[in-house]
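Reading the structure
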Amino acid sequence: MALNDFRPMEERCSNCLGCKWIPFDKVKSQRYGENCPSISWGNFNTYSARGRFELGLALLTKDADLSPATTDIIHACTSCGSCDVACKVSRYNLEPLDHNIELKAYAIEQGKLLPGQAEIIDSLKKEKTMIRGAKKAARSAWAEGLGLKDLTKEKADVLFFPGCKSSYDEKYTKNARASVRILKKAGVDLGYLGAADLCCAGRALQMGFKDAFESSAKANIRAIEASGAKIIVTPCSDCYHAFKRQYPKLGLKVEVLHVVEYLDRLIEEGKLAFTKKVPIRVTYHDPCHLGRLGEPFVAWEGKEKKIFNQIHTWEPRRPRYNGAYGIYDAPRSVINSIPGVELVEMERIREYSWCCGAGSACNETNPEFSSGTAAERVTEANSTGAGALVTACPWCESNFRGAKDENGRTIEVLDIVELVEMAL
Ligand code: SF4
Ligand code: SF4
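A closer look at the packing of aromatic side chains
Aromatic ring pairs are described here by two measures, namely the spacing of the ring centres and the angle between the planes. Going through the model one piece at a time under the given rule, you end up with seven aromatic pairs. Here the aromatic rings of Trp 142 and Phe 160 are separated by 5.7 Å at their centres, their planes lie at 50 degrees, and the arrangement is tilted. One end of the pair, Trp 142, is in the loop between helix H7 (117-127) and strand S1 (149-150); the other, Phe 160, is in strand S2 (residues 158-160), with 18 residues separating them in the sequence. Given the relative accessible area of 0%, Phe 160 is considered buried. Between Phe 161 and Phe 243, the aromatic rings sit 4.8 Å apart at their centres with planes inclined by 90 degrees, giving edge-to-face as the arrangement. Of this pair, Phe 161 sits in the loop between S2 and helix H8 (164-168) while Phe 243 sits in helix H12 (residues 237-246), placing them 82 residues apart in sequence. Classification of Phe 161 by relative accessible area gives buried; the value is 0%. Residue Phe 243 is classed as buried on the basis of its relative accessible area of 0%.

Quick look at helix H3 (residues 49-60)
Compared with the 16 Å implied by 1.5 Å per residue over twelve residues, the 17 Å span of H3 between its first and last C-alpha is a close match. Of all twelve residues in H3, nine are buried, a share of seventy percent or more. Taken as a whole, H3 has its buried residues at Ala 49, Arg 50, Gly 51, Arg 52, Phe 53, Leu 55, Gly 56, Ala 58 and Leu 59. Looking at the buried side of H3, the elements it contacts are helix H1 (7-12), helix H2 (37-42), helix H4 (68-75), helix H5 (82-87) and helix H6 (96-109). Directly after H3, the chain includes Lys 62, whose backbone phi takes a positive value near 65 degrees.

A short note on the environment of Pro 296
Structurally, Pro 296 can be placed in the loop between strand S6 (280-284) and strand S7 (303-307). Since its relative accessible area comes to 40%, Pro 296 is described here as partly exposed. Expressed as a C-alpha distance, the spacing of Pro 296 and Gln 246, which sit 50 residues apart in the sequence, is 8.9 Å. When sequence neighbours within four positions are dropped, the list of residues in contact with Pro 296 reads Lys 244, Arg 245 and Tyr 321.

Observations regarding the side chain of Ser 82
Residue placement: Ser 82 occurs in helix H5. You can call Ser 82 buried: its relative accessible area is 3%. Side chain to side chain, Ser 82 and Asn 35 meet in a polar contact 3.2 Å long.

Structural notes on the sheet that holds strand S3 (residues 190-192)
Sheet architecture is open: five strands sit in the order S1-S3-S2-S4-S5, paired in parallel fashion. Looking at which strands have only one partner, the edges of the open sheet turn out to be S1 and strand S5 (255-258). In the packing of helix H9 (residues 173-185) onto the sheet, contacts are made with S2, S3 and strand S4 (231-234), and the angle to S2 comes to roughly 160 degrees. Along the sheet face, H12 touches S4 and S5 and points at about 160 degrees away from the line of S5.

Describing the nonpolar core
One finds Leu 183 and Phe 243 to be the most contacted residues of the largest nonpolar core, which totals 101 residues. Ignoring anything within four residues of it in the chain, the contact list for Leu 183 reads Phe 160, Val 188, Leu 190, Val 233, Val 259, Tyr 262, Leu 263 and Leu 266. Counting residues in hydrophobic clusters, the runner-up holds eight residues, among them Leu 3, Leu 55, Leu 59 and Leu 66.

Re the site of ligand 2
All residues adjacent to ligand 2 are Cys 13, Ser 14, Asn 15, Cys 16, Leu 17, Gly 18, Cys 19, Arg 50, Phe 53, Cys 87, Arg 91 and Leu 94. Looking at the shell around ligand 2 residue by residue, the classes come out as seven nonpolar, three polar and two charged.

A word on the site of ligand 1
Residues in close proximity to ligand 1 total 13 residues, the closest being Cys 36, Cys 77, Cys 80, Gly 81 and Cys 83. Of all the secondary structure elements, the ones that give two or more residues to the shell around ligand 1 are H2 and H5. Looking at the shell around ligand 1, its residues break down into six nonpolar, six polar and one charged.

Some thoughts on the packing of helix H13 (residues 259-268) against helix H14 (residues 329-337)
Closest axis-to-axis distance for the H13/H14 pair is 8 Å, and the angle between their directions is 50 degrees. Comparing their axes, H14 and H13 come out oblique. The two elements H13 and H14 cross, and the hand of that crossing is left-handed. Between H13 and H14, the contacting residues are Val 260, Glu 261, Leu 263, Asp 264 and Ile 267 on the first element and Ala 330, Pro 331, Ser 333, Val 334 and Ser 337 on the second. Residues of the contact of H13 with H14, tallied by class, amount to six nonpolar, two polar and two charged.

What counts and how
Residues numbered from 1 in each chain as written. Chains lettered and ligands numbered in written order. Predicted model: local features only at pLDDT ≥ 70, side-chain atom pairs only at ≥ 80, totals over all residues. Heavy atoms only, no water. Phe/Tyr/Trp six-rings, centres within 6.5 Å; stacked < 30°, edge-to-face > 60°. Helix = DSSP H or I, 4+ residues; strand = E, 2+ residues; numbered from the N terminus. Buried < 20%, exposed > 50% of the residue type's maximum accessible area, 1.4 Å probe, protein only. Expected span 1.5 Å × (residues − 1). Contact = heavy atoms within 4.5 Å. Polar contact = N/O pair within 3.5 Å; in protein donor to acceptor, adjacent residues only side chain to side chain. Pairing = 2+ DSSP bridges. Axes fitted to C-alpha atoms, helices over the stretch in contact; angles between N-to-C directions. Core = buried A, V, L, I, M, F, W, Y, C linked by side-chain atoms within 4.5 Å. Near = heavy atom within 4 Å. Nonpolar A, V, L, I, M, F, W, Y, C, P; charged D, E, K, R; others polar. Parallel < 35°, antiparallel > 145°, perpendicular 65-115°, else oblique. Left-handed = near helix turned anticlockwise from the far one by under 90°.

Bear in mind that shape data such as this cannot, by itself, settle questions of function.
Printed below as a string of structure tokens:
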């Protein structure tokens, strides 16, 4: 789709402003009632999904242009999807998140990028990763000594896809390595793509680089199909969303699991048993792309139609991605099954979770916005009295590490696989 295809949606948005808040019946306090990191940071309507619809329309009608200010606003969006979930409480015929991304693509087409974005995409094209400065030749170093099968040379049922952050960043290779150790301990027949392992490019799509995403996705689909694996498992929520929601549009057919779903399954089947107590009180952060954006793709073909020449609808009924069926229960079930661990919840959870701030590569291209978003979540986590903030995505983990809450306090941050391994 192009921006012009969204014009009917831009005109249909009713300015109800529901996209700025957690749905009202879910708000537990005024302090944690906001849902959109962008407007919370920019404090001006154009930062919200509503404002983005208005801006898109104004760009199409030439009532606005891509000035430095509007360009900055367009890209100051983590693509967290919180506005999308809030809008769909009452609206069936708007797609705020798709529009936000299309607006970014429109700006990119006109050469209106943020500093750093071109370099990130250049790295994706040349080195097959969006981690700037990383080299393709070093991608497999994280797997050394784990005894993982190379699925370009032999077969396994399950393909482990580490994602770029857990492949290259020395602070986060621990997540990939712990995931592999645990899965192997449970007897899973596991391999990875070796030299054919590339970036999923999900973050390129979040940033609006649709062509770069599609060419990377097609190369990955060829490699995944050639491996013969029946299941893909990843510890990264961005990879998960890319495989679960986006790749099927391009033909991917294998089962996709986040590692936490697989662990939950293995615990349930009695293939993983805990032997140690971990006496800790934790709170769990739902990563946006595992939670509200983790719903599976549903194929649909149909037409838009109007009832009484007024009400927009689709025939047959369209799938409605409102976040309700994201991955929320598996991580909570895994945490609750670990002896000694006490889970205390934050106010904004499940599909109403506050974003970590790292989405759309904002952690690199707009660090002030990104770290402010992380600080807000650390404040909320500390308000629970938890001793650690647990998540299931290396991007969330890295953004929370060192972030200070409104009282200047940090919090210990753990990936869920680390917590699991402590108890084995
Ligand atoms: S995707 Fe997230 S950051 Fe972007 S406008 Fe929506 S709620 Fe705000
Ligand atoms: S985008 Fe949706 S929630 Fe936001 S103002 Fe428009 S109709 Fe309301």
